[in-house]
Amino acid sequence: MSLDLMELLPDDWRRRLGPLLDPEAMAGLGAFVAQEYDSGTVYPPREDLFNAFRHCPFDQARVLILGQDPYHGPGQAHGLSFSVREGVRLPPSLRNIFKELAADLDVPVAKSGDLTPWADQGVLLLNAVLTVREGQAGSHAGKGWEQFTDAAIRALNDKTDRVVFVLWGGYARKKAPLVTGAHHVVLESAHPSPLSAKKFFGTKPFSAVNKALVDAGQPEIRWELAAPELA
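Residues numbered from 1 in each chain as written. Predicted model: local features only at pLDDT ≥ 70, side-chain atom pairs only at ≥ 80, totals over all residues. Heavy atoms only, no water.

What to know about the nonpolar core
Thought 1: Grouped together as the largest cluster of nonpolar side chains are 76 residues, with contacts concentrated most on W13, L17, F53, W118, W145 and F148.
Thought 2: Broken down by element, the residue count for this core peaks at seven residues, all from helix α7 (residues 145-157).
Thought 3: Contact partners of L17, with chain neighbours within four places excluded, come to M6, L9, F148, A151, A152 and A155. (Core = buried A, V, L, I, M, F, W, Y, C linked by side-chain atoms within 4.5 Å. Buried < 20%, exposed > 50% of the residue type's maximum accessible area, 1.4 Å probe, protein only. Helix = DSSP H or I, 4+ residues; strand = E, 2+ residues; numbered from the N terminus. Contact = heavy atoms within 4.5 Å.)

Comments concerning the pattern of salt bridges
Thought 1: Inspection of every chain in the model, using the stated rule, returns eight salt bridges.
Thought 2: A salt bridge links D59 to R16, with the shortest nitrogen-to-oxygen separation between them at 3.9 Å. You can see D59 sitting in the loop between α4 (51-55) and β2 (63-67) and its partner R16 sitting in helix α2 (residues 11-17), a full 43 residues away along the chain.
Thought 3: With a relative accessible area of 64%, D59 lands in the exposed category.
Thought 4: Linking K175 and D150 is a salt bridge whose minimum nitrogen-to-oxygen distance equals 2.8 Å. Placement of the pair is K175 in the loop between α8 (169-173) and β6 (185-189) and D150 in helix α7, with a sequence separation of 25 residues. (Salt bridge = Lys/Arg side-chain N within 4 Å of Asp/Glu carboxyl O.)

Points about the packing of aromatic side chains
Thought 1: Using the criterion set out here, one finds 14 aromatic pairs in the structure.
Thought 2: Feature note: the residues F82, W118, W168, F200, F201, F206 and W223 constitute an aromatic cluster, connected by ring pairs.
Thought 3: The ring of F58 carries the charged tip of K159 above its face, separated from the ring centre by 5.0 Å. (Phe/Tyr/Trp six-rings, centres within 6.5 Å; stacked < 30°, edge-to-face > 60°. Lys NZ or Arg CZ within 6 Å of the ring centre and 35° of its normal.)

Some points on the sheet that holds β2
Thought 1: With parallel pairing, four strands are arranged side by side in an open sheet as β3-β2-β5-β6. Only two strands of the sheet have a single partner each, and these edge strands are β3 (123-127) and β6. With strand direction ignored, the average angle separating the axes of adjacent strands in the sheet is 15 degrees.
Thought 2: Strand direction decides the pairing type here: β2 and strand β5 (residues 164-168), joined by four bridges, are parallel. Bridge pairing links V63 to V164 in β5.
Thought 3: Across the sheet, α7 is in contact with β2, β3 and β5; its angle to β3 comes to roughly 155 degrees.
Thought 4: Against the sheet, helix α10 (residues 205-215) engages β2, β5 and β6, with an angle of about 160 degrees to β5. (Pairing = 2+ DSSP bridges. Axes fitted to C-alpha atoms, helices over the stretch in contact; angles between N-to-C directions.)

Brief notes about the UniProt feature "domain: Uracil-DNA glycosylase-like" (unreviewed entry) in the protein chain
Thought 1: As annotated in UniProt, the feature "domain: Uracil-DNA glycosylase-like" (unreviewed entry) corresponds to residues 54-213 in the numbering used here.
Thought 2: Counting secondary structure, residues 54-213 comes out at 32% helix and 14% strand; the distance between its end C-alpha atoms is 22 Å. (UniProt positions renumbered as here; feature names shortened; annotations may be inferred.)

Focus on the environment of S83
Thought 1: Here S83 shows up in the loop between β2 and α5 (92-105).
Thought 2: For S83, a relative accessible area of 0% corresponds to the buried category.
Thought 3: Along the primary structure S83 and Y71 are separated by twelve residues, whereas in three dimensions their C-alpha atoms are 8.8 Å apart.
Thought 4: Ignoring anything within four residues of it in the chain, the contact list for S83 reads Y71, Q76, H78, G113, D114, L115 and T116.

Overview of the UniProt feature "active site" (unreviewed entry) in the protein chain
Thought 1: Under the local residue numbering, the UniProt record ascribes the feature "active site" (unreviewed entry) to D69.
Thought 2: By secondary structure assignment, the location of D69 is in the loop between β2 and α5.
Thought 3: Here D69 is in contact with N127, V129, V132, A137, G138 and S139, once residues within four sequence places are set aside.
Thought 4: Separated by 2.6 Å, the side chain of D69 and the backbone nitrogen of G138 make a polar contact. (Polar contact = N/O pair within 3.5 Å; in protein donor to acceptor, adjacent residues only side chain to side chain.)

Okay, here's the thing in structure tokens:
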């Protein structure tokens with residue numbers, strides 16, 4: 001049993017990524033992912049695998065925030081990098097993202113960690129590796145997802161309108177050479193993980209994204225989410 005990953009992609013993204021991907025490699029990745037789903041618990045759930053692409057159509061994509069791989073705890077990952085489902089406790093990295101957002105743009109820390117409203121405005125919340133075994137961070141690295149998500153970055157780089165690429169941490173920053181369009185903007189900093197948050201705090205990525213968009217004649221991202229968390 002294999003998953004036809006390209007068939008699961010929304011049509012617009014499939015048209016853009018297809019020419020950039022090796023069919024045999026994608027078939028192998030699909031077989032691996034299908035076997036993993038069938039033999040154990042894998043996150044995100046199969047139906048959420050390509051949520052990032054569903055919520056952010058190619059023509060509307062104007063910001064990329066790149067993560068490494070999905071959360072590997074129950075009920076957390078739902079196909080958007082750094083995001084968790086409504087009602088799920090905020091993971092440390094996401095809490096630090098919200099702290100920086102509050103300091104940067106005076107946006108109160110949201111109670112919900114569901115970043116779908118960002119995705120719906122054209123923020124592609126993409127992980128470099130789209131699946132993970134329960135409790136085993138990085139378990140699906142090196143299986144072919146990296147080539148898939150590199151293709152997504154290349155497709156965004158080919159856009160004639162500006163895209164802002166937000167690369168947090170060493171892993172994501174290695175993708176910077178894929179962005180060659182002079183009209184694009186790459187914002188690099190430390191990762192929001194507690195291990196590197198001291199270097200992440202104060203980088204003001206959210207105001208920098210909005211400035212880059214406005215400079216290119218595009219509307220700002222509305223970063224506010226749900227009602228603020230009560231103290």
